[in-house]
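As a plain string of letters, each chain reads:
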Amino acid sequence: MSLSHGAHAHATPSAIAARPSLRTWPEINNPAAWIVVIILLIMPLIANGFFLIEIFGTTLILGTVALSLMFLAGYGGMVSLMQLTIAGFAGYMYAILGMSASANISLGWPWWLATPMALALATIFGTLGGALAVRTAGIYTIMITLAIAAAFFYFTNQNWPLFNGHTGINTIATPHFLGVDWRADIPFYYVVLAVAALCYFAVGYLSRAPFGLALQGVRDNPRRMAALGFNVNAHRVAAYAGASFIAALGGILQVWNYRQIAPGSVSVGAAIDILIIAVVGGITRPVGPFIGAFVFVILRTFALDFLVKIGLDGNRFRLLIGLGFLAVVFWSSDGVIGLWERWTRSRSGVAAADRRHGHG
């Protein structure tokens, strides 16, 4: 049966709608959510250029790429390690199609033409990779996507005519229109914030849309969904297509941020970092990747100085990241969000007990 037909039949398995993963967090009526929104909107007024771009801008970019992984893993049950590869592919395509210091490689297209073309090519690349991955399950899906990530890294590192080898492509042109340099700190921050917000709400909407409900049913019981007439592989490939587009958006923003791209941007280690970000924040909620990205960026930025101050090698900052990852996974299966909800439930339980005790 077709994908569209299966999507309209999503109401059959009622258990899907009852799953807590369908909720977006934080809720729209949560005062803490509005406080975070206000802080993000006025951030240019309270933060200097370093914190604005290197901390919060980078957090939003990495969070957007990790959001694509969260969409696949949280709603589709497919752990993909090639999401950063897709983002890097989009960045390379933008550098090749657009303008850069490597005039012998870049074609010199204007940004408004190079950007949609790079997004389209990266989405196709991720969809084709997903079409291969959906034929497997579990550890085999992880290994296939990891193999794609490793192959792309070595290909970019060794290919000089197209990707300029390990040097990469530098001094990439960024958007200038309406008399505004959109790579300047404040305009670029709001561009990144807008893209991250759109992706966040899009994933939250899809999680409650017919396609998202059907995808979660495929995650929980693919045989039953197939028996109900759903095209299981079509839903999974479509999920990879949507996730690839989100990851490609993050890749374009990453290239605009640094104005360069090199094989190190798509290394296997960097690809695994995206998995760590998603898991630490929370793999079942759209806000989780952004929380995990913030924790990751803070540790990556300041852990080196901390280790040096206590007399350790600053290059071992990943040790702190690894220990933090192990601690979060050990104490919560849903990352920082799970820890927060456990704490709030314990607080509400204590408060309720106190009220009952006082009433008695």
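Above this text sits the structure in question.
All figures in this text were calculated on a predicted structure; none of them were measured in a lab.

Draft legend 1. Quick look at the overall build of the protein. Helix and strand content of the protein: 16 helices and two strands. Burial status across the protein gives 47% buried among its 360 residues. Here the contacts in the protein between residues at least 6 apart in sequence split such that 76% fall between residues at least 24 apart. When the accessible area of the protein is evaluated, it comes to approximately 17300 Å², of which 69% is carbon and sulfur surface.

Draft legend 2. View of the pattern of salt bridges. Overall, the coordinates contain two salt bridges when judged by the stated rule. Between R183 and D185 there is a salt bridge, with its nearest N and O atoms 3.8 Å apart. On the basis of relative accessibility, which here comes to 8%, the residue R183 falls in the buried class. Owing to a relative accessible area of 33%, D185 belongs among the partly exposed residues under this scheme. Across the salt bridge formed by D220 and R219, the nearest N and O atoms sit 2.9 Å from each other. Taking the relative accessible area as the measure of exposure, R219 reaches 18% and is therefore buried.

Draft legend 3. Examining the environment of V79 more closely. Counting through the fold element by element, V79 comes out in the loop between α5 (49-76) and α6 (83-97). Residue V79 is classed as partly exposed on the basis of its relative accessible area, which comes to 26%. C-alpha separation for the pair V79 and A133, spaced 54 residues apart in sequence, amounts to 9.8 Å. With sequence-adjacent residues up to four places away left out, V79 is seen in contact with L69, A73, T141, I142, T145 and L275.

Draft legend 4. Spotlight on the packing of aromatic side chains. For the structure on display, the rule yields 18 aromatic pairs. Considering the side-chain rings of F89 and F152, the 5.8 Å spacing of their centres and the 50° angle between planes classify their relative orientation as tilted. Residue F89 is located in helix α6, and its partner F152 is located in helix α8 (residues 139-158); the two are separated by 63 residues in the primary sequence. Classification of F152 as buried rests on a relative accessible area of 8%. Ring geometry for Y94 against W256: centres 6.0 Å apart, planes inclined by 70°, an arrangement best described as edge-to-face. Here the residue Y94 occupies a position in helix α6, and W256 occupies one in helix α12 (residues 232-258), the gap between them amounting to 162 residues. Residue W256 is classed as buried on the basis of its relative accessible area, which comes to 10%. An aromatic cluster is present here, built from F89, Y92, F125, F152, F155 and F163 joined pairwise through their rings.

Draft legend 5. Spatial organisation of the nonpolar core. Judged by nonpolar contacts, the single largest core of 87 residues is most densely connected at F71, Y94, I169, Y189 and I274. When residues in this core are grouped by element, the largest group, 16 residues, is from α5. Apart from the residues lying within four places of it in its own chain, the contact partners of Y94 are W111, A114, T115, A118, I172, A173, T174, P175, I252, V255 and W256. In terms of nonpolar packing, the next biggest core, distinct from the first, is built from five residues, A214, M225, F230 and V232 among them.

Draft legend 6. Examining the side chain of R236 more closely. Within the secondary structure, R236 is located in helix α12. For the buried R236, which has no salt bridge, the nearest side chain bearing the opposite charge is D220, at an N-O separation of 9.9 Å. Setting aside residues up to four positions removed in sequence, R236 forms contacts with M78, V134, V218 and P222.

Each value, and the rule that gives it
- Residues numbered from 1 in each chain as written.
- Predicted model: local features only at pLDDT ≥ 70, side-chain atom pairs only at ≥ 80, totals over all residues.
- Heavy atoms only, no water.
- Helix = DSSP H or I, 4+ residues; strand = E, 2+ residues; numbered from the N terminus.
- Buried < 20%, exposed > 50% of the residue type's maximum accessible area, 1.4 Å probe, protein only.
- Contact = heavy atoms within 4.5 Å.
- Areas by Shrake-Rupley, 256 points an atom, 1.4 Å probe, with all protein chains shown as cover.
- Salt bridge = Lys/Arg side-chain N within 4 Å of Asp/Glu carboxyl O.
- Phe/Tyr/Trp six-rings, centres within 6.5 Å; stacked < 30°, edge-to-face > 60°.
- Core = buried A, V, L, I, M, F, W, Y, C linked by side-chain atoms within 4.5 Å.
- Lys, Arg positive; Asp, Glu negative; His and termini not counted.

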